[in-house]
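As a plain string of letters, each chain reads:
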Amino acid sequence: MKRPNKLHAAASVAACKLTRLILRKTGRGGTAIPGIVGLKVSKNILAAVSQGMKIVVVTGTNGKTTTCNMIEHALTSAGHDCLLNKSGANLMHGIASDLICSADWKGKARHEYAVLECDEAALKQIVPYIRPRAIVVTNLFSDQVDRYGGVQNTLREIRTGVERSPKSVLVLNAEDPLSASLAIDVPNKIVWYGLDKTVGTQGNVDLSDAGKCPKCGGEYTYDYHIYADLGGFRCPECGHKRQDPDVAVTSITQKTSDGSVVRMRSGKKAAEQDVRIALPAVYNIYNAAASVAAILALKLPAREAVDALSSARASFGRLETFELNGNRLQMILVKNPAGCNQAFSYITGLGEDFSAVLCLNNRTGDGHDISWIETTDYEKLVSDPHLKKIYAGGDCAEELCSRLKKAGADDRILESFTDYSTLVEKLKTEPNPVFLLPNYTSMMELRDALSPETGAKDFWE
């Protein structure tokens, strides 16, 4: 990709930085608009500001933000200078904002590494400019069907991005049949990560996203399941199957609300070791394995990632913990059946009394189609004897309450709300830990209401 001349690069950087400064001085995030301005001044500016950087791009349905956070934490803990698009603005203009603003006034990169969260459909737009060293794909599940039109379309979007970046190392989930299919007929080097059969079944089985064998069209069978359609898939017709991972979790020895302890092999010839992951839930074990695999893809020692997992921080809205009047509130972003079901498995598996706040919007940032709540296992949540109270809100509170009642929620513990400030006042008197389960735009609103009471930082900080 042709880079802009020095004058155009400097003008683009100046316009982008000034726009962000003005927006943030006025209390706005400045996530996408600065990038729009910078790209209007110079459409190829990303080729200049990314030159010389070792870039990891993370895409996929669930786990992008947390995986990015883990990779960046590993790099900075090991002493490397690293940029992270921490605001989560993962479309073309949001990524452009962070990359351009991170450059010096001449348009030269100031960081050695960059870890960039990227929307699945935006991958093909971005990779030709930034030439990433590695592309991490977390998983592929049905999500925002009104936008993507189904998970197979999402797969095609990512495949197009991969085809436009043939020199990038692909870091792929060995147990996800869709993500794994990206390795077929590409020149890219592959680094695999996953959970072995010895980990055992960790959640409900749902093969609706698995599709058919991309080589022969046959139906998959499974030697074992982890959750959803993740597991030891294989096609009995042609032999296409799960690959032996380079980074493998061989057992889970401890799971608590504060994290997990696992046995991990960080290389096919490496010895197993005990690894502490400071974030809870099985899906974060996958994210942790992906982060180690990404470090290997960068040709750095695996220990740099493994050592950092014990101090990994929660990402914005992803198992982020707040303290309100001495009580613990934990926020878990949920936006599709696979992620929501895993959140329920984590919460109900703790074996402690709790209350839950469920928020559902159907805005552009969420996807207008909320039919996914019908196939989500709310029955698992409401049947837990430790559940003491459910608050339901958001633009689609009525539909959410209807689904909860269909799942068996008792009217005596189910309460709808319309105002987040009122909800926060109620939560101040909650006697039990509270789990906050919003989708994306409702998370932003709920977090805004909580911030004055809990001291939470703005999402771009």
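Residues numbered from 1 in each chain as written. Predicted model: local features only at pLDDT ≥ 70, side-chain atom pairs only at ≥ 80, totals over all residues. Heavy atoms only, no water.

Asker: Is there a simple way to think about unusual backbone geometry in this case?
Answerer: Only a minority of non-glycine residues have a phi that is not negative, and only a minority of peptide bonds are not trans. Backbone geometry at D185 places phi at a positive 60 degrees, although glycine is not the residue there. With respect to the element layout, D185 can be found in the loop between helix 9 (177-180) and strand 6 (190-195). Note on D185: relative accessible area 77%, which makes it exposed. Of note in the backbone geometry, A228 takes a positive phi value of approximately 50 degrees without being a glycine. (Helix = DSSP H or I, 4+ residues; strand = E, 2+ residues; numbered from the N terminus. Buried < 20%, exposed > 50% of the residue type's maximum accessible area, 1.4 Å probe, protein only.)

Asker: What is the right way to read the sheet that holds strand 17 (residues 434-438) from this model?
Answerer: Strand pairing in a sheet relies on backbone hydrogen bonds, with the paired strands running either antiparallel or parallel. Read from one edge of the open sheet, 6 strands run 12-13-17-14-15-16, paired in mixed fashion. With one partner strand each, in any of the chains shown, strand 12 (318-324) and strand 16 (414-416) form the two edges of the open sheet. Shown here is a sheet whose adjacent strand axes are inclined to one another by a mean of 20 degrees, direction ignored. Packing against the sheet, helix 16 (residues 440-454) makes contact with strand 12, strand 13 (327-332), strand 14 (354-359) and strand 17, and its axis sits at approximately 30 degrees to strand 12. (Pairing = 2+ DSSP bridges. Axes fitted to C-alpha atoms, helices over the stretch in contact; angles between N-to-C directions. Contact = heavy atoms within 4.5 Å.)

Asker: How should the packing of helix 6 (residues 123-130) against helix 8 (residues 151-163) be read in this particular structure?
Answerer: Each pair of packed helices can be described by the angle between their axes along with the distance between the axes. Running from N to C, helix 6 and helix 8 cross one another at 15 degrees; their axes reach a closest spacing of 8 Å. On the basis of the axis angle, helix 6 is roughly parallel to helix 8. In this structure, helix 6 crosses over helix 8, and the sense of that crossing is right-handed. Residues L123, K124 and V127 of helix 6 form the contact with helix 8, whose participating residues are E157, I158, T160, G161 and V162. Residue classes in the contact of helix 6 with helix 8 are distributed as 4 nonpolar, 2 polar and 2 charged. (Parallel < 35°, antiparallel > 145°, perpendicular 65-115°, else oblique. Left-handed = near helix turned anticlockwise from the far one by under 90°. Nonpolar A, V, L, I, M, F, W, Y, C, P; charged D, E, K, R; others polar.)

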